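Commentary on secondary and tertiary structure
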Amino acid sequence: MKNRRKTKVSFSTDRWKAGGIIAALVASVAVFTVMLQMERSMLTKYEKGTVYVAAEEIPRGQIITGENYERYFREQELDISCIADGALRNPEQLSGLAAKFDIEPGVVLTGGMFEKMTDILGKMEEPVVAGLKADDLYQVVGGTLRAGDRIHIYSVTGEKEAVLIWENVYVKEVFDQTGNRIESGNSVAAAQRINIYLDKADVIGFYSELASGAMRVVKVCR
């Protein structure tokens with residue numbers, strides 16, 4: 001009888017030990033899972049992302065092309081939490097943009113800093129670049145035009161009335177009297193030669209008006 005009692009106690013003790021081991025194992029798995037989730041959360045918090053910053057000053061009106069984007073843009077890694085929603089993050093977003101204003105070196109670039117060439121050229125069927133000299137016009141806004149400016153072009157009729165011919169024409173680039181390109185930040189040099197975007201269908205009328213000496217230019221302030 002005594003031996004049977006000892007067997008029952010031993011069996012009960014073994015079950016208790018086994019249950020304790022299982023409980024400890026479950027607790028260990030739960031702790032490991034919690035720690036793994038915390039680690040993933042911490043890694044996500046400090047996850048890096050690639051953005052583009054200005055490698056050098058990007059002048060207002062500067063058009064970004066496949067040939068010059070490496071000059072103006074460089075990649076930089078930042079914490080995901082520091083990257084704005086509109087940040088430019090892949091090369092496909094870079095081509096065909098024009099700076100809305102002068103952008104300082106080191107600035108993280110966003111889409112709002114640029115306008116798309118498709119928006120600039122609007123509904124032109126066949127965009128072309130037309131050039132003119134300051135001497136061709138009576139007044140060219142005192143030589144202050146810069147790349148990225150918008151201009152309205154008027155024709156002064158014989159009755160001394162001005163008629164609007166083209167509006168919101170985009171100035172592609174301007175040059176001084178020696179032919180050097182004038183950057184947007186240059187407020188001293190006078191623009192002597194100006195390149196603008198026009199639709200090919202308007203070129204004949206543009207140069208006819210220019211030859212008549214009746215054309216006037218007004219700069220759009222924005």
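These lines cover the structure that appears in this document, whether it is placed above or below. (Residues numbered from 1 in each chain as written. Predicted model: local features only at pLDDT ≥ 70, side-chain atom pairs only at ≥ 80, totals over all residues. Heavy atoms only, no water.)

Notes on the overall build of the chain
Our working rule: Starting at the N terminus, helices and strands are each numbered in turn, a helix being any DSSP run of H or I of at least four residues and a strand any DSSP run of E of at least two. Partly exposed describes any residue whose relative accessible area lies between the buried limit of under 20% and the exposed limit of over 50%, with all areas from a 1.4 Å probe on protein chains only and scaled to the type maximum. Should any heavy atoms of two residues lie within 4.5 Å, those residues are counted as being in contact. To be clear on the numbers: accessible area is Shrake-Rupley with a 1.4 Å probe, and residue cover counts the displayed protein chains and nothing else.
A count of helices and strands for the chain gives 4 helices and 9 strands. Along the chain, from the amino end to the carboxyl end, the secondary structure elements read α-β-α-β-β-β-α-β-β-β-β-α-β. Counting across all 222 residues of the chain, residues that qualify as buried make up 31%. Of all intrachain contacts in the chain linking residues separated by at least 6 positions in sequence, the fraction that spans at least 24 positions is 65%. Surface summary for the chain: the accessible area is close to 14,400 Å², and the carbon and sulfur share equals 54%.

Structural notes on the layout of surface pockets
Cut-off, in case you're wondering: Grid points spaced at 1 Å and placed over the protein atoms alone form the basis of the search, with a cavity being a set where a 1.4 Å probe fits but cannot get out and a pocket an open set showing protein on both sides within 12 Å along at least five of seven lines. Lining residues have an atom within 4 Å of a point. Grid points are joined across faces, edges and corners, and a volume is the space filled by probe spheres set on the points. The classification used treats Ala, Val, Leu, Ile, Met, Phe, Trp, Tyr, Cys and Pro as nonpolar, Asp, Glu, Lys and Arg as charged, and all other residues, Gly among them, as polar.
If you add up the space inside the largest pocket, you get close to 160 Å³. Around the largest pocket, the lining is made up of 14 residues, and of these M124, E167, N168, V169 and Y197 lie nearest the centre. Elements with a contribution of two residues or more to the lining of the largest pocket: α3 (117-121), β7 (162-175) and β8 (193-199). In terms of residues, the lining of the largest pocket owes the most to one element, β7, which gives 5 residues. Looking at the lining of the largest pocket residue by residue, the classes come out as 8 nonpolar, 2 polar and 4 charged.

Let's talk about the environment of A130
Here A130 lies in strand β5 (residues 127-133). By relative accessible area, A130 is classed as buried at 3%. Separated by 41 residues in sequence, A130 and V171 place their C-alpha atoms 9.8 Å apart. Leave out the neighbours within four places in its chain, and A130 touches I194, N195, I196, L198, F206 and Y207.

Observations concerning the sheet that holds β7
Put simply, the rule reads: At least two DSSP bridges between two strands are required for those strands to pair. Note on geometry: axes are C-alpha line fits, over the in-contact stretch for helices, and angles between N-to-C directions span 0 to 180 degrees.
A sheet is described by the order of its strands in space; here 5 strands give the open sequence β5-β8-β7-β6-β9, paired in antiparallel fashion. Edge positions in the sheet fall to β5 and β9 (215-219), since each of these pairs with one other strand and no more. When strand polarity is set aside, the average angle formed by the axes of neighbouring strands in this sheet is 40°. Relative to β8, β5 is paired through 7 bridges, and the arrangement is antiparallel. Paired with G131 across the bridge in β8 is N195. Where helix α4 (residues 203-212) meets the sheet, its contacts fall on β5, β6 (150-156), β7, β8 and β9, and the angle it forms with β5 comes to roughly 10°.

Focus: the side chain of D199
Along the chain, D199 turns up in strand β8. Beyond its immediate stretch of four places on either side in the chain, D199 contacts K123, M124, E125, E126 and V128.

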